[in-house]
Amino acid sequence: MASPTLDPKDNHEDILVVKGSEVSRRPTEVTGLGEWTTSRRELWCFYLYYVGNNGLSPFNLGPSQFQNLLYLAGYDPTHPPFAAPCSSGTDCVLPYLGRVRNINSIILLTNGISFAFQTVLLLVIGAWADYGTWRPNITIVFTLLGVGVSFAWLGVEDPSQWRAGACSLAFWGAAFPGLARNLPEVQASADEVKKGLKSLNGHAELESMQRNRISNISLVVSSAGEVVILLIMVGILKALKSDANVENNTRAFSVLIAFSGGMWLLCAIPWFIFENRRPGLTLPPGTSLATVGFKQTSVAFRECLRLKQTFLYLVFFFIMGDVSNTAIVVSYSTLQLTFQTMVCIATQGLGTFLFWSVQRKFNISTKKMLLFNVFWILVLTVWGLAGVHTNKIGFKHIWEIWLYQGFFGLMICPWWAYGQTMISEVAPLSQMSVGKASALTGPIVSEAIISASGNNNMPFAFLFGFGTFGTIFLFMVDVKKSRVECDEFVAAEAACNAFGTGSA
């Protein structure tokens, strides 16, 4: 099959989309998909899912319980092994992977290993979000797995796997570009383009703004719902008398994780029922569900020069994901952690709303908003880095942890909205399923730095340099050039040329 070509008379910024093995202009395709129009009910079910899968269980409470258990099991290295327990004024170590390590090193190393497994898993099954109608089923499976793991914490005595939530978020997030593309106002805009009443650039800007609207509102709604969940958690903690002793505190962590899992399931059910199961692509010839992920990855590496802007952004995305995920600090007290998380989530909702309000009022591009957001991520690493030479600041005091939670929510948490939206700006329409950024390099390198220096603040030097390096790639991204590159890639994939199975 020959590759599709554009009519020379057509605007060269026309945008192609794929349905099965056929290629058509995006405006034509959108207006022809009335059966998939995004309803208000479907959109709010999408938002509600994010209220449940808010990250409390896999990204806040789970890691905090892990740290709590390590701290309780560890010992003061100035005494013989396990002769003296850890305390606030001493270091805390445990034997792990063949050597005695600081528990902060253990946490970072475990995070890196966990994310490595997650990366391999998503390489195998991540492509399923692009093909057929598998994505909704995978979301359901991983949601149930994540909820099951949350309930399993009720009987936990040792650290266990707590990252199932990341996979379900990846497949849930893959639905959002389709929701934006099928909003009634976007379909109406596409129809105006088809009739010659609106330019393609104007339509692309509207669709971009609608993507930002969905991603930002979903984070604001999630934040509001999460604050309610946290308020209920405070009541649970009071009933459990979590501050009475260490045993109650440890038990309370597990109860909160299970409760969070229950809320996740409750909020997920409407999305499972009312999501429009929009069809994806047809599997390329010579591939299967077991092989398409590896094939797609190899194609991505082969085509990275053709998808230069996509490649530049993904390099930035994973680097900055490493930096933002590695720089998180937590408390061991369930009650303190709950209140601190409440501050973070409340300011997250406020910050995201303010970011979106400014963007909408002044029609600011996604890239510029993301650059502003990234600046504050780097500021956070500088604050941590200052702690190398002084004990006055550097996340060494309780007041700093409270300040961190507010700052993180207000200025950094919008990253989850804008980072995801920017992917949909520069990735081929058929290949937008990238979930939360991993944190593989950051934790492993940070662990090595802590082990070598004995200073818990030294990794911030690496994180600042690593984040600055990654930001250079974001500066280099040209969204308009990316549209052209993605059009050509989608056309080649439709002709099976991208997977090397078509004829010239």
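Residues numbered from 1 in each chain as written. Predicted model: local features only at pLDDT ≥ 70, side-chain atom pairs only at ≥ 80, totals over all residues. Heavy atoms only, no water.

Colleague: Which residues make up the pairing of strand 4 (residues 99-102), and what values do they have?
Modeller: Two faces belong to every sheet, and in a regular strand the side chains alternate between them. Examined bridge by bridge, strand 3 (residues 93-96) and strand 4 share four bridges and lie antiparallel to one another. Opposite L94, over in strand 4, you have R101 as the bridge partner. Between strand 3 and strand 4, which pair antiparallel in sequence order, lie two residues; one of them, L97, sits at a positive phi of approximately 55 degrees. (Pairing = 2+ DSSP bridges. Helix = DSSP H or I, 4+ residues; strand = E, 2+ residues; numbered from the N terminus.)

Colleague: Provide a residue-level description of helix 14 (residues 366-386), including the pertinent values.
Modeller: Between its first and last C-alpha, helix 14 extends 31 Å over 21 residues, near the 30 Å set by a 1.5 Å rise per residue. Taken together, the buried positions of helix 14 are occupied by T366, K367, M369, L370, L371, N373, V374, I377, L378, L380, T381 and G384. (Expected span 1.5 Å × (residues − 1). Buried < 20%, exposed > 50% of the residue type's maximum accessible area, 1.4 Å probe, protein only.)

Colleague: Which residues make up the packing of aromatic side chains, and what values do they have?
Modeller: Summed over all chains, the structure comprises 21 aromatic pairs. Both rings, one in F395 and one in F460, keep their centres 5.7 Å apart while their planes meet at 35 degrees; by these two values the pair is tilted. In this pair, F395 sits in the loop between helix 14 and helix 15 (398-412) while F460 sits in helix 18 (residues 459-476), placing the two residues 65 residues apart along the sequence. Here a set of aromatic residues connected by ring pairs shows up, and it is made of F355, F372, F375, W376, F407 and Y418. Looking at K361, its charged tip hangs above the ring of F362, at a distance of 5.7 Å from the centre. (Phe/Tyr/Trp six-rings, centres within 6.5 Å; stacked < 30°, edge-to-face > 60°. Lys NZ or Arg CZ within 6 Å of the ring centre and 35° of its normal.)

Colleague: Talk me through the state of the cysteines; I want residue IDs and the actual numbers.
Modeller: Scanning the model with the defined rule gives one disulfide in all. Each sulfur of the disulfide joining C86 and C92 lies 1.9 Å from the other. Judged by the sign of its S-S torsion, about 75 degrees, the bond between C86 and C92 is right-handed. Look at C86 and you get buried, because its relative accessible area is 11%. (Disulfide = S-S within 2.5 Å.)

Colleague: Break down the environment of F66 for me, with residues and values.
Modeller: Mapped onto the elements of the fold, F66 is located in helix 3 (residues 56-73). Since its relative accessible area comes to 5%, F66 is described here as buried. Separated by 187 residues in sequence, F66 and F253 have C-alpha atoms that sit 9.7 Å apart.

Colleague: Please give an account of the environment of N201 that cites residues and values.
Modeller: Here N201 shows up in helix 9 (residues 200-240). For N201, a relative accessible area of 27% gives the class partly exposed. Spatially, the C-alpha atoms of N201 and K480 are 9.3 Å apart, while their sequence positions differ by 279 residues.

Colleague: Residues and numbers for the packing of helix 14 against helix 18, please.
Modeller: Put simply, helix 14 and helix 18 touch, their axes get as near as 8 Å, and they point 165 degrees apart. When the interaxial angle is binned, helix 14 and helix 18 end up roughly antiparallel. Here the hand of the crossing between helix 14 and helix 18 comes out left-handed. Residues K367, L370, L371, V374, L378, T381, V382, G384 and L385 of helix 14 form the contact with helix 18, whose participating residues are F460, A461, L463, F464, G467, T468, T471, L474 and F475. Classifying every residue of the contact of helix 14 with helix 18 gives twelve nonpolar, five polar and one charged. (Axes fitted to C-alpha atoms, helices over the stretch in contact; angles between N-to-C directions. Parallel < 35°, antiparallel > 145°, perpendicular 65-115°, else oblique. Left-handed = near helix turned anticlockwise from the far one by under 90°. Contact = heavy atoms within 4.5 Å. Nonpolar A, V, L, I, M, F, W, Y, C, P; charged D, E, K, R; others polar.)

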